[in-house]
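Residue-level listing of the chains:
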Amino acid sequence: MSATKVVLKVKNLRKWFPVKGVFFTKGFVKAVDGVSFEAYEETTLAIVGESGCGKTTLARLILRLIEPDEGSIIYNGVDVMKLSGKKLMEFRRKTGIVFQDPYSSLNPRMTIYEILKEPLETHGMLKEIDINEYLVKLLEKVGLQKEHLYRYPHEFSGGQRQRIAIARALALSPELVVLDEPTSSLDVSVQAQMLNMLRDIQAADKLTYIFITHDLGIVRYLAHYVAVMYLGKIVEYGPVEEVFEKPLHPYTKVLLSAVPIPDPSIARSRARIKVIGEPPSPLNPPLGCRFHPRCPYALSDCSRREMSLVEVEKRHLVSCILYS
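Bear in mind that the values here come from a model prediction, so they are computed numbers and not experimental data.

One pass over the full model with this rule turns up twelve salt bridges. The shortest N-O distance in the salt bridge between Glu 70 and Arg 14 comes to 2.8 Å. Pair noted here: Glu 70 is in strand S4 (residues 70–75) and Arg 14 is in strand S1 (residues 6–20), with a separation of 56 residues, a long-range link. You can call Glu 70 partly exposed: its relative accessible area is 43%. With a closest N to O distance of 3.2 Å, Glu 313 and Lys 246 form a salt bridge. Of this pair, Glu 313 sits in strand S11 (residues 310–313) while Lys 246 sits in the loop between helix H8 (240–245) and helix H9 (250–257), and the two are 67 residues apart along the sequence. Residue Lys 246 is classed as partly exposed on the basis of its relative accessible area of 42%.

Written out as structure tokens, the structure is:
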């Protein structure tokens, strides 16, 4: 991908959630701990990792749905952390989010017409458009019809609900859309339809996507760049083709070696990289590299030194002592 304009630049973003005891704070869950990355115009950046690594928290921090403890979020040259009032509303108008669960993200007491009209009303856009015509076109963009406008969410399947959630995210004609595992609750055939639709919408509307997922098959199909997260930190970042063909961090190698291969003969001959145990608790992460207790390539210094991301090749960064 030749895009060079940086739309979103996140630097040293941190969010620790306090764990309350009876009389005092017992500790902090280090959900996002010093994350930095860039997203380029009209591309898709996938953020991947195991459940509990901080992907969803990061997605919400980017849009300031929750406030970070430290760090900066630069969107088109503007520091989002310094925005308030009308300036913050302008930023929200340029961004959208699709949540993971289409069953809980739509208000069951509102019709689809009311759900899609709400963001337009909040941002004062109703005077600028013919609302009925606009909403019909919005539904058609995501593969639904005019007659769906006056139904309630419970009258739709899971795939249709997620299409409605995507339509709501697109209602304000945003430039940046964050998608938090939008296909995880859908069956494979519906997933394929959804991914094709998202790719077509991105090309037509010139959107930038931040795509949160744990499915590396989706990453290879949809994304241009990928950031691999482990226990609150990004351990590898780079173009999808390069990361998939030449993974550098041991954790990335482990993830890729676990991807199923449809050809049984190839699958049987492939060497799997095995790790020991479960991910440590983000309440008490290991010192040094957070992956070192499970890493098959760990050195003695890995438990003492915490590595930062270093650029090994152009736009391909890794956080590992082997490349320091």
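Even without being a glycine, Asn 76 presents a positive backbone phi close to 50°. Summarising the element assignment, Asn 76 is placed in the loop between S4 and strand S5 (78–79).

With the rule as written, the count across this model stands at zero disulfides. The thiol of Cys 295 is unpaired, and the distance to the nearest cysteine sulfur, on Cys 302, comes to 6.3 Å. The closest cysteine sulfur to the non-disulfide-bonded Cys 302 is located on Cys 289, 5.9 Å from its own sulfur.

Before going further, it helps to spend a moment on a nonpolar patch on the surface. On the surface, Val 22, Phe 23 and Phe 24 cluster together into a nonpolar patch covering about 450 Å² of accessible area. The residue Phe 24 is located in the loop between S1 and strand S2 (25–40) in this model. Exposure remark for Phe 24: the relative accessible area of 56% places this residue in the exposed category.

Right, let's talk about the environment of Gln 202 for a bit. Inspection of the secondary structure puts Gln 202 in helix H6 (residues 188–205). In sequence terms Gln 202 and Leu 176 are 26 residues apart; their C-alpha atoms lie 10.0 Å from each other. Excluding residues that lie within four positions of it along the chain, Gln 202 makes contacts with Glu 42, Thr 43, Thr 44, Leu 207, Thr 208, Tyr 209 and His 224.

This brings us to the pairing of S1. With twelve bridges joining them, S1 and S2 adopt antiparallel strand pairing. Paired with Leu 8 across the strands is Ala 39, a residue of S2. Connecting S1 to the next strand, S2, in antiparallel fashion are four residues. For S1 and S4, the ladder comprises five bridges, and the chain directions are antiparallel.

Relative orientation of the contacting elements helix H5 (residues 158–170) and H6 amounts to 15°, with a least axis distance of 11 Å. The angle between the axes of H5 and H6 places the two elements in the roughly parallel class. Relative to H6, the crossing made by H5 is right-handed. Taken together, the residues of H6 that come into contact with H5 (itself represented by Gly 159, Gln 162, Arg 163, Ile 166 and Leu 170) are Val 190, Gln 193, Met 194, Met 197, Leu 198 and Ile 201. Residues belonging to the contact of H5 with H6 are distributed by class as follows: seven nonpolar, three polar and one charged.

Turning our eyes to something else, we now look at helix H4 (residues 131–141). All buried positions along H4 are accounted for by Ile 131, Leu 135, Val 136, Leu 138 and Leu 139. Mapping the buried residues of H4 onto a view down its axis gives an arc of 160°, with all of them on the same face. Buried positions along H4 lie against helix H3 (112–122) and H5. In the stretch just after H4, Gly 143 is the one whose phi turns positive, near 85°.

So, on to the packing of aromatic side chains. Tallying each qualifying case throughout the model produces eight aromatic pairs. Measuring from centroid to centroid gives 6.0 Å for Trp 16 and Phe 28, while their planes differ by 45°, and the two rings are tilted. Of the two residues, Trp 16 is situated in strand S1 and Phe 28 in strand S2; the sequence distance between them amounts to twelve residues. Given the relative accessible area of 24%, Trp 16 is considered partly exposed. Plain terms: the ring middles of Tyr 225 and Tyr 237 are 6.1 Å apart, the flat faces sit at 10° to each other, and that makes the pair stacked. With Tyr 225 in strand S9 (residues 225–230) and Tyr 237 in strand S10 (residues 233–239), this pair connects stretches of sequence that are twelve residues apart.

Moving on, we come to the nonpolar core. The biggest cluster of nonpolar side chains holds 40 residues, and the ones touching the most others in it are Leu 116, Leu 135, Val 142, Ile 166 and Leu 170. Of all elements in the fold, only H3, H4, H5, strand S7 (176–180), H6, strand S8 (208–213) and helix H7 (216–222) reach the threshold of two or more residues within this core. With 33 residues, the next largest nonpolar core counts Ala 39, Tyr 40, Leu 83 and Ala 227 among its residues.

Calculation criteria
- Residues numbered from 1 in each chain as written.
- Predicted model: local features only at pLDDT ≥ 70, side-chain atom pairs only at ≥ 80, totals over all residues.
- Heavy atoms only, no water.
- Salt bridge = Lys/Arg side-chain N within 4 Å of Asp/Glu carboxyl O.
- Helix = DSSP H or I, 4+ residues; strand = E, 2+ residues; numbered from the N terminus.
- Buried < 20%, exposed > 50% of the residue type's maximum accessible area, 1.4 Å probe, protein only.
- Disulfide = S-S within 2.5 Å.
- Patch = residues over 30% accessible without salt bridge, like charges linked within 9 Å, V, L, I, M, F, W, Y side chains within 5 Å.
- Areas by Shrake-Rupley, 256 points an atom, 1.4 Å probe, with all protein chains shown as cover.
- Contact = heavy atoms within 4.5 Å.
- Pairing = 2+ DSSP bridges.
- Axes fitted to C-alpha atoms, helices over the stretch in contact; angles between N-to-C directions.
- Parallel < 35°, antiparallel > 145°, perpendicular 65-115°, else oblique.
- Left-handed = near helix turned anticlockwise from the far one by under 90°.
- Nonpolar A, V, L, I, M, F, W, Y, C, P; charged D, E, K, R; others polar.
- Arc of directions from axis to C-beta.
- Phe/Tyr/Trp six-rings, centres within 6.5 Å; stacked < 30°, edge-to-face > 60°.
- Core = buried A, V, L, I, M, F, W, Y, C linked by side-chain atoms within 4.5 Å.

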